[in-house]
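Listed here are the chains, written in short residue letters.
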Amino acid sequence: MIRTVATAALILVPASLTAHPHVFVDSELTVEVDDAGRITGTRMTWTYDEFFTLLILEDMGLDADADGQLNEDERAALLNFDFETWPEGFEGDLYLYAADGTQMPLGHPDSISADVVDGKIVSTHTRTVDAAPAEGATLRQYDPTYYVAYTLQTVAVDGPCTASVDAPDPDAGEEALAQALEEASEDQFEVLELGIHYADEIRLSCGSSS
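### Quick look at the pattern of salt bridges
Phase 1: Under the criterion given, the structure shown has five salt bridges.
Phase 2: Here Arg 38 and Asp 34 are joined by a salt bridge, their closest N and O atoms 2.9 Å apart.
Phase 3: On the accessibility criterion, Arg 38 (38% relative accessible area) is partly exposed.
Phase 4: With its nearest N and O atoms 3.4 Å apart, the salt bridge here joins Glu 201 to Arg 203.

As structure tokens, then:
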């Protein structure tokens, strides 16, 4: 989830108002697998919506001439904007599980590029993985609070495995929301964690072709 000055004030709103996303991100994921069939890292590209892009550029004082082009210094300033702070418990909105369901830790994101393309911020970062077995592993990308909505555009595997994607149940999120709002008190000011119900499940397979 993006933690910046531009969004901090919007996070502190009643739970009933945070059940729908405010930031929209298209994502492209590459999972790196070595020859031994172990996940060693991930590469993620995020393309932010136009409105959020404008908020960030204004907040950071970038693209002052509003031509949609960043110079070298502005690109350098934008780099790592989405991971500038790392709150306790924040996991970078990417979750990796071994075949037995054990959650596998990912390293802190390393931002490698950031720019504005066609009016949208496009940023890419990598994360390390401590050689987790790829066979049967699953990944999910989501903001637990559903403040940010991710749409997975592409997923690829750099290595001897393949990936399949199962879309979320379109009714699961609405059912979870209805139940959460029914159980929450009217004066409850906390963020509902519903994002997982809107997340694709990415499953890796490394079976031999014999």
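### Observations concerning the packing of aromatic side chains
Phase 1: Tallying each qualifying case throughout the model produces nine aromatic pairs.
Phase 2: Seen from their ring centres, Tyr 95 and Tyr 142 are 4.5 Å apart, and the 20 degrees between their planes marks the pair as stacked. With a gap of 47 residues between them, Tyr 95 in strand β3 (residues 94–97) and Tyr 142 in the loop between β7 (138–141) and β8 (148–158) connect regions that are remote in the sequence. Tyr 142 matches Tyr 95 in its accessibility class, with the two residues each being buried.
Phase 3: Linked through ring pairs, Trp 46, Tyr 48, Phe 52, Phe 81, Phe 83, Trp 86, Phe 90 and Tyr 150 together constitute an aromatic cluster.

How each quantity is defined
- Residues numbered from 1 in each chain as written.
- Predicted model: local features only at pLDDT ≥ 70, side-chain atom pairs only at ≥ 80, totals over all residues.
- Heavy atoms only, no water.
- Salt bridge = Lys/Arg side-chain N within 4 Å of Asp/Glu carboxyl O.
- Buried < 20%, exposed > 50% of the residue type's maximum accessible area, 1.4 Å probe, protein only.
- Phe/Tyr/Trp six-rings, centres within 6.5 Å; stacked < 30°, edge-to-face > 60°.
- Helix = DSSP H or I, 4+ residues; strand = E, 2+ residues; numbered from the N terminus.

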